[in-house]
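Working through the structure, step by step
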Amino acid sequence: MGPHPAVAAIRLAVRRVLHDILTEHPPTPDTRRTPARGAARPCVPDAERVPAPGTRRSMTVPAGAPLEQPPVASPRPRQGGDAPPAPFAPLVLVACSGGADSMALASALAFEAPKLGIRAGGITVDHGLQPGSDVRADEVVLRLTELGLAPAESIAVTVGRDGGPEAAARDARYAALDSAAERHGATAILLGHTRDDQAETVLLGLARGSGIRSLSGMAAVSGAGGRYRRPFLHLDRQTARKACMVQSLPVWDDPHNTDPAYTRSRLRHEGLPALEKALGKGVVEALARTAQLSRDDADALDAWASQAEASVRDAAGLLECAKLYALPPAVRRRILRRAAIEAGAPAGSLFARHIEEIDRLITGWRGQGAINLPGKVVAQRQGGRLVIRQG
């Protein structure tokens, strides 16, 4: 008898991603080679590891440490079909909060990685936003270790205030994960976002009046060099929770996920149920489908804009307003956004209204003055040319 359908589903999703990673980053058989930056490196004893810069604490737990929670499965012994990790086999980390989605992901990685000769580890980030968060982070590390993941460690971060609490926590978390990937030489980090998370992301983008790129939600592969992988975007949240239950994996339900003070929490517990009540079941699947279709369209428009940009610049590299005017608005605005970012405008602070104001210098020219953009960047029209530079 095979595994429970939920367990089979999560393992298949992870197996596919690991195959992709192996195709892109095959193991290096020559142990004398020095791995390139970002490539997998040989395991370093825990005692020799240097904590990531800027973290409050970093912890690695030896296998077999006692658990106060119900025990999870012991590390799976290597079977006859498992491939021993090569000296420079890719190292894949799982970002694990201890919730059902990421614990299911960790268990699937621990099961599938040895079969392919891949090294697998886990990282949990302690945001320090709740009393006892450090204790919970330690418990997550113990569970990751018992699953057979190494390295398994906790990284404490200080969450700022820029962009609101949710955005600030996300920025701190990804900075910690990037640091861990660099320190351990990890090829990829797996994230446990599900189809439900994707639907929520699409609705949040829609509510903000964002463009098609925002409506495309989360990419299956993102980050520098494709570092972040999301195997569960086609699986629902209940599948992950069921997989944990049938494997007796203890999970932690973050109270922030039900706190109405947070926008995503209100959307999850009030907004989406109301939509399903009004429109019927299948809203989550439809929104996830919308994300993929929007991503395909956005990718095509980005490629078009990239190809068209050279044709609208003069010999000095300045943007020619007449040629920009002839382009479709969606293509033109992508070129304008890219030019503003290249001039020094922070991408996260550059909103649709800024691009619309620049666009009026081309489509609604009435002799208006310069447009002030974030990052002390100024856009102005001069002699039929659009000049975007530091002011």
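What you see is a predicted model, and the numbers here were worked out from it, not measured in a lab. (Residues numbered from 1 in each chain as written. Predicted model: local features only at pLDDT ≥ 70, side-chain atom pairs only at ≥ 80, totals over all residues. Heavy atoms only, no water.)

1. Let's talk about the side chain of Ser265
By secondary structure assignment, the location of Ser265 is in helix α8 (residues 263–279). Judged by its relative accessible area of 5%, Ser265 is buried. Those residues in contact with Ser265 that lie beyond four places of it in its chain are His256, Asn257, Thr258, Asp259 and Pro260. (Helix = DSSP H or I, 4+ residues; strand = E, 2+ residues; numbered from the N terminus. Buried < 20%, exposed > 50% of the residue type's maximum accessible area, 1.4 Å probe, protein only. Contact = heavy atoms within 4.5 Å.)

2. Observations concerning unusual backbone geometry
Pro151 follows Ala150 through a cis peptide bond whose omega is 0 degrees. By the secondary structure assignment, Pro151 is in the loop between α3 (133–146) and β4 (152–156). In the Ramachandran plot, Ser248 falls in the positive-phi region, its phi being about 60 degrees despite a non-glycine side chain. In this fold, Ser248 is placed in the loop between α7 (237–246) and α8.

3. Focus on the packing of aromatic side chains
Summed over all chains, the structure comprises one aromatic pair. With a centroid separation of 5.1 Å and an interplanar angle of 85 degrees, the aromatic rings of Tyr174 and Tyr228 are classed as edge-to-face. You can see Tyr174 sitting in helix α4 (residues 165–184) and its partner Tyr228 sitting in strand β7 (residues 228–229), a full 54 residues away along the chain. A relative accessible area of 4% places Tyr228 in the buried class. Directly above the aromatic system of Phe111 lies the positively charged group of Arg11, at a separation of 3.6 Å from the ring centroid. (Phe/Tyr/Trp six-rings, centres within 6.5 Å; stacked < 30°, edge-to-face > 60°. Lys NZ or Arg CZ within 6 Å of the ring centre and 35° of its normal.)

4. Some thoughts on the pairing of strand β2 (residues 91–95)
Counting buried positions over the five residues of β2 gives five, a clear majority of the element. Of the two faces of β2, both are covered, the one formed by Leu91, Leu93 and Ala95 as well as the one formed by Val92 and Val94. Two strands pair when backbone bridges link them, and β2 and strand β3 (residues 119–126) are joined in this way by five bridges, in the parallel orientation. Counterpart to Val94 in the pairing with β3 is Gly122. (Pairing = 2+ DSSP bridges.)

5. Details of the environment of Ala89
Here Ala89 is to be found in the loop between β1 (58–60) and β2. C-alpha of Ala89 to C-alpha of Ala186: the two residues are 97 residues apart in sequence and 9.9 Å apart in space.

6. Some thoughts on the environment of Ala300
One can find Ala300 in helix α9 (residues 283–309). We classify Ala300 as partly exposed; its relative accessible area is 47%. Sequence spacing of Ala300 and Val331 is 31 residues, and the spatial spacing of their C-alpha atoms is 9.9 Å.

7. A word on the pattern of salt bridges
Opposite charge on two side chains lets them pair, provided their charged atoms get close. Inspection of every chain in the model, using the stated rule, returns 24 salt bridges. Here Arg237 and Asp197 are joined by a salt bridge, their closest N and O atoms 2.9 Å apart. Highlighted residues: Arg237 in helix α7 and Asp197 in helix α5 (residues 195–207), separated in sequence by 40 residues. Judged on exposure class, the residue Arg237 and its partner Asp197 are both buried. With its nearest N and O atoms 2.7 Å apart, the salt bridge here joins Asp302 to Arg334. With Asp302 in helix α9 and Arg334 in helix α11 (residues 329–342), this residue pair connects regions lying 32 residues apart in the sequence. (Salt bridge = Lys/Arg side-chain N within 4 Å of Asp/Glu carboxyl O.)

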